[in-house]
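Overview (structure and organization)
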Amino acid sequence: MSDNKPVVNLISKPENMLKTVYTACRTCYSADYPINIYNSTDDKEKMLKLIERVISSGHYSTIEHIQVSFAISNVSRACTHQLVRHRHMSFSQKSQRYVKEKGQFDYIIPPTIEKNPELKEKFENFMGEISKVYLEFTEAGIPAEDARFVLPNATSSSMVASLNLRELIHLANLRLCTRAQYEIRMLVKGMCDEIIKEEPWLKPYLVPKCERIGYCDEDKSCGRKITKEEVFKEKVTV
Ligand SMILES: Cc1cc2nc3c(=O)[nH]c(=O)nc-3n(C[C@H](O)[C@H](O)[C@H](O)COP(=O)(O)OP(=O)(O)OC[C@H]3O[C@@H](n4cnc5c(N)ncnc54)[C@H](O)[C@@H]3O)c2cc1C
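Reading the values: the criteria
- Residues numbered from 1 in each chain as written.
- Predicted model: local features only at pLDDT ≥ 70, side-chain atom pairs only at ≥ 80, totals over all residues.
- Helix = DSSP H or I, 4+ residues; strand = E, 2+ residues; numbered from the N terminus.
- Buried ≥ 20, exposed ≤ 12 C-beta atoms within 10 Å, placed from the backbone.
- Contact = placed C-beta atoms within 7 Å.
- Axes fitted to C-alpha atoms, helices over the stretch in contact; angles between N-to-C directions.
- Parallel < 35°, antiparallel > 145°, perpendicular 65-115°, else oblique.
- Left-handed = near helix turned anticlockwise from the far one by under 90°.
- Nonpolar A, V, L, I, M, F, W, Y, C, P; charged D, E, K, R; others polar.
- Domains from an automatic or database assignment.
- Core = buried A, V, L, I, M, F, W, Y, C linked by C-beta atoms within 7 Å.
- Pairing = 2+ DSSP bridges.

Before going further, it helps to examine the overall build of the chain. Secondary structure summary: the chain contains eleven helices and four strands in total. In terms of its C-alpha atoms, the chain occupies a principal-axis envelope of roughly 70 × 50 × 25 Å. For the chain, the residues scored as buried account for 24% of the 238 residues in total. When contacts within the chain are restricted to residue pairs at least 6 apart in sequence, those whose partners lie at least 24 apart make up 73%.

Below, the structure written as structure tokens:
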């Protein structure tokens with residue numbers, strides 16, 4: 001397959017995203033009808049200011065009104081297995097029951113193996129061996145749903161994934177962290193880049209969680225931000 005990188009495209013998003021979120025936020029504090037708020041608002045700076053205030057105070061229902069969808073391919077099953085752990089997302093994934101592999105199945109090679117020619121060769125030979133066994137099984141009449149048991153985590157997959165803005169921000173906060181696995185980081189970065197191209201105002205939210213909360217709450221910190229322990233120590237000393 002192509003170059004080992006997730007292929008990500010934003011395929012659906014609502015129009016007037018900013019205005020919709022602003023209307024949701026403003027409605028909470030206004031006697032006016034939401035439709036009047038929506039129709040009378042065009043001041044971008046004013047909208048962004050209120051949205052930041054509301055999101056920062058954890059009033060997240062206001063960003064659940066926005067649903068976006070991505071077409072994703074060239075990712076490993078190891079990666080999609082991590083993505084599907086996010087329970088507020090919706091998925092439609094290429095089936096290993098209905099789509100029978102006809103020749104060498106596509107697979108992803110992790111960069112650590114890719115850059116080592118000897119190990120890369122071993123990896124590729126092994127994928128070839130697995131493919132032979134898979135084909136032997138399917139040709140012997142074993143259904144694809146059973147033959148797939150020999151396929152590895154490296155097998156590449158495709159899916160359509162949809163989620164609301166609250167979950168997208170949560171996903172970015174968790175999976176852009178350096179503690180997340182490299183491939184899901186690349187995938188989520190691709191999703192964020194796609195949406196930021198269309199909606200640049202989302203950039204400050206689609207960041208690792210430490211950028212939002214100001215400290216690192218991970219067990220092993222990458223050192224980008226002060227750790228939670230250090231924050232509490234400082235508070236106690238003051
Ligand atoms: C760096 C990293 C390492 C990981 N390592 C492992 C691992 O070793 N093993 C492993 O099994 N998983 C691991 N995970 C997956 C992790 O445990 C979560 O399953 C995954 O990140 C989904 O996150 P979430 O539950 O916060 O989010 P989502 O499922 O996206 O849900 C979003 C939020 O909704 C709320 N929510 C959702 N469902 C419930 C519920 N049933 N009850 C209460 N609140 C709910 C929570 O507030 C949650 O944070 C890892 C994740 C990361 C980022």
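Look at helix α8 (residues 165–175) against helix α9 (residues 182–198): their axes get within 9 Å of each other, and the N-to-C directions meet at 140°. When the axes of α8 and α9 are compared, the pair comes out oblique. Note that α8 runs across α9; the crossing there is left-handed. Along its contact with α8, which presents Leu171, Ala172 and Arg175, the element α9 presents Ile184, Arg185, Val188 and Cys192. The class makeup of the residues in the contact of α8 with α9 is five nonpolar, no polar and two charged.

If you want to describe how two helices pack, look at the angle between their axes and the distance between the axes. Two elements in contact, helix α1 (residues 17–27) and helix α3 (residues 44–56), have axes whose closest approach is 9 Å; the angle formed by their N-to-C orientations is 60°. In terms of axis orientation, α1 runs oblique to α3. In this structure, α1 meets α3 at a crossing whose hand is left-handed. When α1 is examined against α3, the residues Leu18, Val21, Tyr22, Cys25 and Arg26 are found in contact with a partner set consisting of Met47, Leu50, Ile51 and Val54.

Here the focus is the domain arrangement of the chain. Domain annotation for the chain reports domain 1 (1–96 + 156–207), domain 2 (102–154) and domain 3 (209–238). Using only C-alpha atoms to locate each centre, domain 1 and domain 2 end up separated by 33 Å. With nine residues of domain 1 in contact, the opposing surface of domain 2 contributes eleven residues. Counted by class, the side of domain 1 that touches domain 2 contains four nonpolar, four polar and one charged residues.

Next up on the list: the nonpolar core. Grouped together as the largest cluster of nonpolar side chains are 37 residues, with contacts concentrated most on Val21, Leu168, Ala172, Leu187, Val188 and Met191. Elements supplying a minimum of two residues to this core: α1, α3, β2 (67–76), α4 (77–83), β4 (156–164), α8 and α9. Here this core gets six residues from one element, more than from any other, and that element is α9. Two domains share this core, each providing at least three of its residues, namely domain 1 (1–96 + 156–207) and domain 2 (102–154). Apart from residues no more than four positions distant in its own chain, Met191 is found in contact with Val8 and Phe70.

Turning to the sheet that holds strand β3 (residues 90–93), a few remarks are in order. Backbone hydrogen bonds hold the strands of a sheet together, and the pairing may be parallel or antiparallel. Here we have four strands laid out as an open sheet, ordered β1-β2-β4-β3, and antiparallel in their pairing. Edge strands, defined here as strands with exactly one partner in the open sheet, are β1 (7–12) and β3. Pairs of neighbouring strands in the sheet enclose a mean axial angle of 20°, with direction left out of account. The pairing of β1 with β2 spans five bridges and is antiparallel. Bridge pairing in β2 places Ser12 opposite Ser69. α8 contacts β2 and β4 of the sheet and is inclined by roughly 125° relative to β4.

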